[in-house]
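Residue strings, one per chain:
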Amino acid sequence: MSTVALITGAASGIGAAVARRLASGGVRCVLVDVDAQGVERVAKEVDGAWLAADVSREEASREAVALAERRFGRLDLVHLNAGITGRVDFADFDAARYRKVVGVNVDGVAFGVAASVPLLRRSGGGAIVATASLAGLVGYSADPVYTMTKHAVVGLVRALAEPLAAQNIRIAAVCPGFTDTPLVAEARKVFADAGFPLLTADDVAAAVESAFYTDTPGTLLVVQPGRQPVPYRYAGVPGPASGQRPPNVG
C-alpha cells in the first residue's frame, strides 16, 4: 500500500521540491496551490493529483483531503507549506494585505490540520509538518507581520504536539533560514552581492522528510546553509515560586 502525502504551496519552491523528493521514493502526492498552471505542471511531473485553490479558504483544505481520499483512499503525510511574505507597513497600514498574509500563513495551517486529522486517524496515524521559518523563532524586523504569522505556526505546532501524538499523529515544523525560492527572488542579488549563502529548496525538502519521521512530537527543525538540521530548544520560562504546574483548564 503506497504512502500518500498532501502538500500545499506545491507549485514551486519548497513544496515542489518536497513533492519531487517524496515521489521519487514511491509516495503518491496530492498537490495544492493557488497557481493553477504551476501546480498542474508539478503534479503531472510526479504523477500526482492536484487542486488549484487558496488555502486561506477553509473549503480548500477540505477539498484537498477529500481528493486524497477519493484518489488514493488514505492520507499519511501532510506538508502545510503555503506561505507569503508580509510587506505590511505599519506607518501606512494596509488591512487587506494584513488579512491576506494571516489568511495564508496562519489560517492555511490551522485549516489544513483540522481538515487532515480525521483522514490521518482513519488511515492509522501519520505526520504533519508545517513550514515555519527562523522568523518563527526570532524577531525579524524587516517583516513584522510575516514574523508574527510564523511565530503563530510554531506555537500551534508546539501546542498540538501532545494531543495529536495521543492519536498517533506526529506534528513538527521546519524553520529554514533564507531559501532560494520565489519568495526571495527580488532580493537574490542582494544576498549574492553580500556573499550570504542561501538554502536551496532541496535542502529544506530533505529536512521536511526528516521531520515527518522524527520521534519527538513538536520538533522544530532549524535549517541553515552548510549545517545539518538541528532541533530548536527553548530555554523555558520561570514558573511560580511554589513550583506547581498550571492545571489543564482547556
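In short, a report on the structure. Within any chain, residue numbers begin from 1 and follow the written order of that chain's sequence. Whole-chain, interface and lining totals are the exception, using all residues; otherwise, since this is a predicted model, local features are given only for residues with pLDDT of at least 70 and side-chain atom pairs are given and counted only at 80 or more. Computation of side-chain values: all heavy atoms of the structure, hydrogens and water removed.

**Observations concerning the environment of Gly126**
Where helices and strands are cited, they refer to DSSP runs of H or I of at least four residues and of E of at least two residues respectively, numbered from the N terminus. Relative to the elements of secondary structure, Gly126 occurs in strand β5 (residues 126-131). Classification of Gly126 as buried rests on a relative accessible area of 10%. Distance from Gly126 to Gly236, taken between C-alpha atoms, is 28 Å for residues 110 residues apart in sequence. Any residue under 20% of the maximum accessible area for its type is buried, any over 50% is exposed, and the rest in between are partly exposed; the area is computed with a 1.4 Å probe on protein chains only.

**Concerning the nonpolar core**
Throughout, nonpolar core names a set of buried Ala, Val, Leu, Ile, Met, Phe, Trp, Tyr and Cys residues whose side chains join them through atoms within 4.5 Å. Counting residues in hydrophobic clusters, the biggest one holds 46 residues, and the most contacted among them are Leu6, Leu75 and Ile128. Examining the composition of this core, we find that 10 residues originate from one element, helix α4 (residues 95-122), more than from any other. Formed by 32 residues, the second largest nonpolar core is a distinct cluster that contains Val18, Val42, Ala43 and Val46.

**Quick look at the environment of Ala82**
For Ala82, the position within the fold is in the loop between β4 (77-80) and α4. A relative accessible area of 14% means that Ala82 is categorised as buried.

**Digging into the environment of Ala201**
Looking at the element boundaries, Ala201 is found in helix α7 (residues 201-212). The sequence separation of Ala201 and Gly13 amounts to 188 residues, and the corresponding C-alpha distance is 5.6 Å. Look past the residues within four positions of Ala201 in its chain and what remains in contact with it is Gly13, Ile14, Ala17 and Thr179. We call two residues contacting when some pair of their heavy atoms lies within 4.5 Å.

**Comments concerning the pattern of salt bridges**
Between Lys or Arg on one side and Asp or Glu on the other, a salt bridge is scored when a side-chain nitrogen of the former is within 4 Å of a carboxyl oxygen of the latter. Evaluation of the coordinates by the stated rule reveals 7 salt bridges. Put simply, Glu45 and Arg20 hold a salt bridge, and the shortest N to O gap is 2.7 Å. Here the residue Glu45 occupies a position in helix α2 (residues 36-45), and Arg20 occupies one in helix α1 (residues 13-24), the gap between them amounting to 25 residues. Of the residues examined, Glu45 reaches a relative accessible area of 48% and is grouped as partly exposed. Owing to a relative accessible area of 38%, Arg20 belongs among the partly exposed residues under this scheme. Between Arg62 and Glu58 there is a salt bridge; the shortest N-O distance is 2.8 Å. With Arg62 and Glu58 both in helix α3 (residues 58-72) and 4 residues apart, this pair spans about one turn of that helix. We classify Arg62 as exposed; its relative accessible area is 51%.

**Overview of the pairing of strand β7 (residues 220-223)**
Side chains of β7 alternate between two faces, with Leu220 and Val222 and Leu221 and Val223 buried alike. Two strands are said to pair when DSSP picks up at least two bridges between them. As paired elements, strand β6 (residues 169-176) and β7 share 4 bridges and run parallel to each other. Considered in β7, the bridge of Val174 is made with Leu221. By the bridge criterion, 2 bridges tie β7 to strand β8 (residues 230-231) in an arrangement that is antiparallel. Along β8, the bridge assignment pairs Val222 with Val230. Between β7 and β8, which pair antiparallel and follow one another directly, the connecting turn spans 6 residues, one of which, Gly226, has a positive phi of 80°.

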